[in-house]
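Listed below are the residues making up each chain.
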Protein chains: 2
Amino acid sequence: MTRYHCDQALIRGTIERDVDIEIGAGRFRRITPDSQPASDARRLRGVTFPGLANAHSHAFHRALRSRTQAERGSFWTWREVMYRAAERLTPDNYLRLARATFGEMAMAGITVVGEFHYVHHQADGSPYANANEMGEALLVAAVEAGIRITLLDTLYLHGGLGPDGYQAPKGAQRRYADADGDSWAQRIDDLSPADHQRIGAAIHSVRAVDPEHIATATEWAASNAAPMHAHVSEQRTENDQCQATHGCTPTELLHAAGSLGPNFTAVHATHLTPADLDLLRAAPAHVCMCPTTERDLGDGVGPSHGLAAAGIPIALGSDSHAVVDLFEESRAVELDERLMSEKRGAHDAGELLRMATVAGHRSLGWADAGSIDVGQRADLVTVALDSVRTAGSGRDPVATAVFAATAPDVRSVIVDGRLVVDDHRHVGFDVAGELDAAITDLLED
Amino acid sequence: MTRYHCDQALIRGTIERDVDIEIGAGRFRRITPDSQPASDARRLRGVTFPGLANAHSHAFHRALRSRTQAERGSFWTWREVMYRAAERLTPDNYLRLARATFGEMAMAGITVVGEFHYVHHQADGSPYANANEMGEALLVAAVEAGIRITLLDTLYLHGGLGPDGYQAPKGAQRRYADADGDSWAQRIDDLSPADHQRIGAAIHSVRAVDPEHIATATEWAASNAAPMHAHVSEQRTENDQCQATHGCTPTELLHAAGSLGPNFTAVHATHLTPADLDLLRAAPAHVCMCPTTERDLGDGVGPSHGLAAAGIPIALGSDSHAVVDLFEESRAVELDERLMSEKRGAHDAGELLRMATVAGHRSLGWADAGSIDVGQRADLVTVALDSVRTAGSGRDPVATAVFAATAPDVRSVIVDGRLVVDDHRHVGFDVAGELDAAITDLLED
């Protein structure tokens, strides 16, 4: 049994004070507000939240941070650096890079990551001797970084969707593609996740997977009771291409293939029609917004207000890791909505924090995490209220975290009952040093 | 003579390595790249930039941070908290709050602030015995925080612009208003700035100052060779009100009063017409954008690409201090442009950093600061390249700072040759503790 004493903690939507928390076997056993600090309790100073869920990640994109802004950062400078990184990944250097990236996430209060994994094979497209070697590297990376993972193994069959239909994968894309849907399904059936890991499915996008194989992935997810994610309508071009080929929107195509349901998450969902929104609501599906990446790539601003009004849960992802800070992602949902509507107040701070906690966990297939409740997995993220950013922010620490805190304000992180970040430091390794070494090694000759 | 050795420093637009810098009497005396570290030189690890200029600040708004987001943070919750704070300010508590706020700025690498100062008088509108007591408190606050200041003393005569023309100031607005333009000019003539301080003029807005008195302020600024700022077209309502009363845009009204010129800065300039843009270019005037405040207040996204293409220098301000981080402001200019245009690459990292450095200094009337050059004021801001945010970001440390760094990555700050922030700590006082004490004291009963 481990015992913590929180100055303030968010329990069932309410900030409670002097909360005594007992943890056993990685789960909350007893939660008692208004307690005296027990002598064996470790004090958590600041405000303590449930663990944050990063519902959309491509771990290797961390290597691109600030390197894709050259020549004013056109789309092409981004793509060039992204493909260069993708080409050079090996199981060894990917393990190292992902471990450091997940370490940065842990330091930002992220206790579970949804890794949308598509760099599967060798540089020429042929499988490794162990066809899951890359995916297994990601599972190990998460263990070593101290966080949970949902490995969303991604079906990718085509290099794009042009005027003549689906194109063959080329260049780095050959690493992404399985021979067909069955090979993909057989491969991921061989993955054997531990208790703190889940395997989910992903459809890369309607550009990379045709309707027949969207159905294959959907069947796999259904028969494995697994979450399924897909990139949906991130940019207008995808909608145009889908209309040109299939005469419908990406959401409609996924609906026709039977993909939309409670286990489904539409990632980005930036350019939706009202009919798309109705389909997602009826499913009922999740959406995962990635606002700092959507800013970086110039995707546009998704309809967060409309989604929330329709009762569609919104999860959040740091996606390309231009920024790893779920407080920044959560406030960006509201702030970017304000920029478009020229009106304050689409989402309150509590709603924004639920996007980063419970909605993210559900999107990633974790029913037993995302809130501080007896029986739930014991994840605790403590945010300092005495930094220059958070000081003086008043009586609503949820608003303080969402609107004023940044990742460096995360003081401690506990995942499944184990202390992973203590006094702003990762207990396992030097995260910044490992990031530097892994990225330099990957990208610089 | 003080001597520093920079790992990397930005000199005339180029990153130089192993730069030896000699400082005397607060100015750069010698700058020598590719040097061996002298035995008496203090090493600055990371990348060193010129000082950052925060060209638009209302210091007391720091008290509002994250307190204005209640009930989904409507415009009215913002205004209610803002007026409550404005009503409770005294010379003593304002000194304390501003000192702490400027301390937070120093820690973020800000070496000069443009304080758009309008809370002049007692609660009933009558002047203090010393009519400049509030402004002098701000000057002292900047000295104690270790940064330079341009006090933009603000002419405010009317409470707003309605269907029946200008309205009388009411409530907290009585604290802002001088009796007339001449009283304002006489009052600010009595301010006697030190070497590290400037006095400038501000016109609150076309809502608060009529054309005759816009001309008064313009004359004062011209005869004092002082900078002059005005809030311009932050929200569409102001444009509508100005059109209804004067039949022209705010920029056109300021132009007609002779205000537009090289010493003029249009703050926000969010909703400009093409004709407004031509007038600002011809002046030639500055614009000061405040992207994180414009996000918070739902103002919209200003035409940064058009301004830059017209050669209009853009300065940056943290304004309401929802965030104090000029790296975030500078990248937000580009990122919000991307959201609107759905295209990457309007401004490169070097241009964005110049907004936060040289453009800000010029806007605030400092010709002798904003670059690391012999004879300039010796301001040096060193950003860590080994934090989890900046690690691995590659060979372009300007892109790293602008696109990946946040305020807590500022390792050291030197202003006019004096060390103000050392190893992430303000050398003068506990900034977070002072913020908490000052704000709690001001707002909580």
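It should be emphasised that the depicted structure is a prediction, and the values quoted were computed from it without experimental measurement.

Points about the overall build of chain A
Inference 1: On a plain count of helices and strands, chain A comes out with 14 helices and 18 strands.
Inference 2: For chain A, whose C-alpha radius of gyration is 21 Å, the value lies close to the compact-globule estimate of 22 Å for 445 residues.
Inference 3: Counting only C-alpha atoms and orienting by the principal axes, one finds that chain A spans roughly 70 × 45 × 45 Å.
Inference 4: For chain A, the proportion of its 445 residues judged to be buried stands at 65%.
Inference 5: Restricting the contact set of chain A to residue pairs at least 6 apart, pairs at least 24 apart contribute 74%.
Inference 6: Surface exposure of chain A reaches about 14800 Å², of which carbon and sulfur atoms provide 48%.
Inference 7: Counting 40 positive and 62 negative side-chain charges, chain A places the averaged centre of each group 6 Å from the other.

Structural notes on the sheet that holds strand β4 (residues 42–49) of chain B
All names here are of chain B.
Inference 1: As summarised here, the arrangement of the 8 strands in space is β3-β2-β1-β4-β15-β16-β17-β18, forming an open sheet in which the pairing is mixed. Single-partner strands in this sheet number two, and they are β3 (27–32) and β18 (425–426).
Inference 2: Here strand β17 (residues 418–422) runs beside β18; their pairing, made up of 2 bridges, is antiparallel. Within the sheet, the bridge partner assigned to V421 lies in β18 and is H426.
Inference 3: Strands β1 (2–11), β2 (14–24) and β4 of the sheet are contacted by helix α13 (residues 397–404), whose axis makes an angle of about 70° with β4.

Notes on unusual backbone geometry
Inference 1: With an omega of -15°, the peptide bond between A:A283 and A:P284 qualifies as cis.
Inference 2: Mapped onto the secondary structure, A:P284 falls in the loop between α8 (274–282) and β13 (286–289).
Inference 3: Phi at A:D416 takes a positive value of approximately 50°, unusual for a residue other than glycine.
Inference 4: Relative to the assigned elements, A:D416 resides in the loop between β16 (410–415) and β17 (418–422).
Inference 5: Residues other than glycine seldom take positive phi values, yet B:S233 does so here, at roughly 50°.
Inference 6: In this fold, B:S233 is placed in the loop between β11 (228–232) and α6 (236–246).
Inference 7: By relative accessible area, which is 0% here, B:S233 ends up buried.

A short note on the interface of chain B and chain A
Inference 1: Listed as interface residues are 60 residues of chain B and, on the opposing side, 60 residues of chain A.
Inference 2: Carbon and sulfur atoms supply 51% of the area that chain B and chain A bury against each other, a total of about 4800 Å² over both sides.
Inference 3: Looking only at chain B, the three residues that lose the most surface to chain A are B:R72, B:L339 and B:R344, adding up to 18% of its buried area.
Inference 4: Counting every contact that joins chain B to chain A gives 8 salt bridges.

Quick look at the packing of aromatic side chains
Residue and element names in this part refer to chain A.
Inference 1: Considering all chains together, one arrives at 10 aromatic pairs over all chains under this definition.
Inference 2: When the ring of F60 is compared with that of Y94, the centres are 6.1 Å apart and the planes differ by 85°; the resulting orientation is edge-to-face. Note that F60 is positioned in the loop between β5 (52–57) and α1 (75–88) and Y94 in helix α2 (residues 91–107), a separation of 34 residues in sequence.
Inference 3: Among the residues examined, F60 registers a relative accessible area of 1% and is labelled buried.
Inference 4: Its relative accessible area of 2% is what places Y94 among the buried residues.

Some words on the relation of the copies chain B and chain A
Inference 1: For the pair chain B and chain A, the best superposition has an RMSD of 0.0 Å and corresponds to a rotation of 180° with a translation of 0.0 Å parallel to the axis. The relationship between the two copies is best expressed as a two-fold rotation axis. In terms of proximity to the rotation axis, the leading residue of chain B is B:P408, whose C-alpha is 3.7 Å off the axis.
Inference 2: The share of interface residues of chain B whose copies in chain A are also at the interface is 100%, consistent with both copies meeting through the same surface.

Considerations on the domain arrangement of chain A
Residues and elements named next belong to chain A.
Inference 1: Parsing chain A into structural domains produces domain 1 (2–49 + 380–415) and domain 2 (52–363).
Inference 2: Here the C-alpha centroids of domain 1 and domain 2 sit 30 Å apart.
Inference 3: Between domain 1 and domain 2, the contact holds 17 residues from the first and 20 residues from the second.
Inference 4: Sorting the residues of domain 1 by area buried against domain 2 places V402, F403 and V415 first, and these three jointly supply 42% of that buried surface.
Inference 5: Our count for the contact surface shared by domain 1 and domain 2 stands at 0 salt bridges.
Inference 6: Those elements giving two or more residues to the side of domain 1 that touches domain 2 turn out to be β15 (380–383), α13 (397–404) and β16.
Inference 7: Counting residues per element, the side of domain 1 that touches domain 2 draws most heavily on α13, at 6 residues.
Inference 8: Each residue belonging to the side of domain 1 that touches domain 2 can be placed in one class, and the counts come to 16 nonpolar, 1 polar and no charged.

Some points on helix α8 (residues 274–282) of chain B
Residue and element names in this part refer to chain B.
Inference 1: Within the sequence span of α8, burial applies to D276, L277, L279 and L280. One side of α8 carries all its buried residues, which in axial view fall inside an arc of 160°. Exposed and oriented more than 90 degrees from the buried face of α8 are P274 and A282.
Inference 2: Elements that come into contact with the buried residues of α8 comprise α7 (250–256), β12 (264–268), β13 (286–289) and α10 (304–309).

Considering the side chain of B:H121
Residue and element names in this part refer to chain B.
Inference 1: You can see H121 is positioned in the loop between β6 (110–117) and α3 (133–145).
Inference 2: For H121, a relative accessible area of 2% puts it in the buried group.
Inference 3: One polar contact links the side chain of H121 to the main-chain carbonyl oxygen of A177, over a distance of 3.4 Å.
Inference 4: At 3.0 Å, the side chain of H121 and the side chain of D178 are in polar contact.

Here's the deal with the sheet that holds β12(B)
Residues and elements named next belong to chain B.
Inference 1: A sheet is described by the order of its strands in space; here 8 strands give the open sequence β5-β6-β7-β10-β11-β12-β13-β14, paired in parallel fashion. Edge strands, defined here as strands with exactly one partner in the open sheet, are β5 (52–57) and β14 (314–316). Strand-to-strand twist of the sheet, defined as the mean angle between neighbouring strand axes without regard to direction, takes the value 25°.
Inference 2: In this structure, strand β7 (residues 148–155) lies alongside strand β10 (residues 197–203), joined through 7 bridges in parallel fashion. Residue pairing in the sheet places I149 in a bridge with Q197 of β10.
Inference 3: Where α3 meets the sheet, its contacts fall on β6, β7 and β10, and the angle it forms with β7 comes to roughly 165°.
Inference 4: Lying on the sheet, helix α5 (residues 211–223) is in contact with β7, β10 and β11; it crosses β10 at an angle near 160°.

Reading the values: rules and limits
- Residues numbered from 1 in each chain as written.
- Chains lettered and ligands numbered in written order.
- Predicted model: local features only at pLDDT ≥ 70, side-chain atom pairs only at ≥ 80, totals over all residues.
- Heavy atoms only, no water.
- Helix = DSSP H or I, 4+ residues; strand = E, 2+ residues; numbered from the N terminus.
- Rg over C-alpha atoms; globule rule 2.2 N^0.38 Å.
- Buried < 20%, exposed > 50% of the residue type's maximum accessible area, 1.4 Å probe, protein only.
- Contact = heavy atoms within 4.5 Å.
- Areas by Shrake-Rupley, 256 points an atom, 1.4 Å probe, with all protein chains shown as cover.
- Lys, Arg positive; Asp, Glu negative; His and termini not counted.
- Charge placed at Lys NZ, Arg CZ, Asp CG, Glu CD.
- Pairing = 2+ DSSP bridges.
- Axes fitted to C-alpha atoms, helices over the stretch in contact; angles between N-to-C directions.
- Buried area = accessible area lost by both parts, 1.4 Å probe.
- Salt bridge = Lys/Arg side-chain N within 4 Å of Asp/Glu carboxyl O.
- Phe/Tyr/Trp six-rings, centres within 6.5 Å; stacked < 30°, edge-to-face > 60°.
- Least-squares fit on C-alpha atoms with pLDDT ≥ 70 in both.
- Domains from an automatic or database assignment.
- Nonpolar A, V, L, I, M, F, W, Y, C, P; charged D, E, K, R; others polar.
- Arc of directions from axis to C-beta.
- Polar contact = N/O pair within 3.5 Å; in protein donor to acceptor, adjacent residues only side chain to side chain.

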